[in-house]
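Structural overview
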Amino acid sequence: MLTPLQFSQLVSAAWSGPAVAHYATISHYVAPSGYQVTHYQVSYHPSPGTCHYAQQECPFLAVAAAVATAAAAGVPVSRCHAQHIISLTAASLCGVQLLRPGFACRARRHRVARLHHA
């Protein structure tokens, strides 16, 4: 679903609190019988000696669970920010166009409109 780089970028973008480091790992298991499973692991380290860890089969659930674990432990993080980043990432992976176009898109639209009405 996600490459390791994309998953690491998602983990980094979803965190809004203080952090010394974050780790994002994708592990894929294939049994000789043909059974396959992929696990996404996220750990945030807001200070030396503390770790907020989550492991899920969905990358978005793993990030949400790790942020929720940190919030429950009293780390000042924004769960709304994490959910927003997760929803934007999921939408972009599904091909949904963002509701707000960027500056370059708006500038081109205004330039084209000005040329058509001139």
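Residues numbered from 1 in each chain as written. Predicted model: local features only at pLDDT ≥ 70, side-chain atom pairs only at ≥ 80, totals over all residues. Heavy atoms only, no water.

Some points on helix 1 (residues 4-14)
Along helix 1, the residues that are buried comprise Phe7, Leu10, Val11 and Ala14. Buried residues in helix 1, looked at end-on, bunch into an arc of 95 degrees, giving them a common side. The elements touched by buried residues of helix 1 are strand 1 (21-30), strand 2 (36-45), helix 2 (59-72) and helix 3 (79-94). (Buried < 20%, exposed > 50% of the residue type's maximum accessible area, 1.4 Å probe, protein only. Helix = DSSP H or I, 4+ residues; strand = E, 2+ residues; numbered from the N terminus. Arc of directions from axis to C-beta. Contact = heavy atoms within 4.5 Å.)

Concerning the packing of aromatic side chains
With the rule as written, the count across this model stands at 2 aromatic pairs. Their ring planes at 65 degrees and their centres at 5.2 Å tell us that phenylalanine 7 and tyrosine 40 sit as a pair that is edge-to-face. Taken together, the residues span a long stretch of sequence, with phenylalanine 7 in helix 1 and tyrosine 40 in strand 2 at a distance of 33 residues. Take phenylalanine 7: its relative accessible area is 0%, and that puts it in the buried class. Tyrosine 40 gets classed as buried once you look at its relative accessible area, which sits at 5%. (Phe/Tyr/Trp six-rings, centres within 6.5 Å; stacked < 30°, edge-to-face > 60°.)

A short note on the packing of helix 1 against helix 2
Where helix 1 contacts helix 2, the two axes come as close as 10 Å, and the packing angle between them is 30 degrees. What the angle tells us is that helix 1 and helix 2 run roughly parallel. The handedness of the crossing between helix 1 and helix 2 comes out as right-handed. Of helix 2, the residues touching helix 1 (which contributes Phe7, Leu10, Val11 and Ala14) are Pro59, Phe60, Val63 and Val67. Of the residues assigned to the contact of helix 1 with helix 2, the class counts are 8 nonpolar, no polar and no charged. (Axes fitted to C-alpha atoms, helices over the stretch in contact; angles between N-to-C directions. Parallel < 35°, antiparallel > 145°, perpendicular 65-115°, else oblique. Left-handed = near helix turned anticlockwise from the far one by under 90°. Nonpolar A, V, L, I, M, F, W, Y, C, P; charged D, E, K, R; others polar.)

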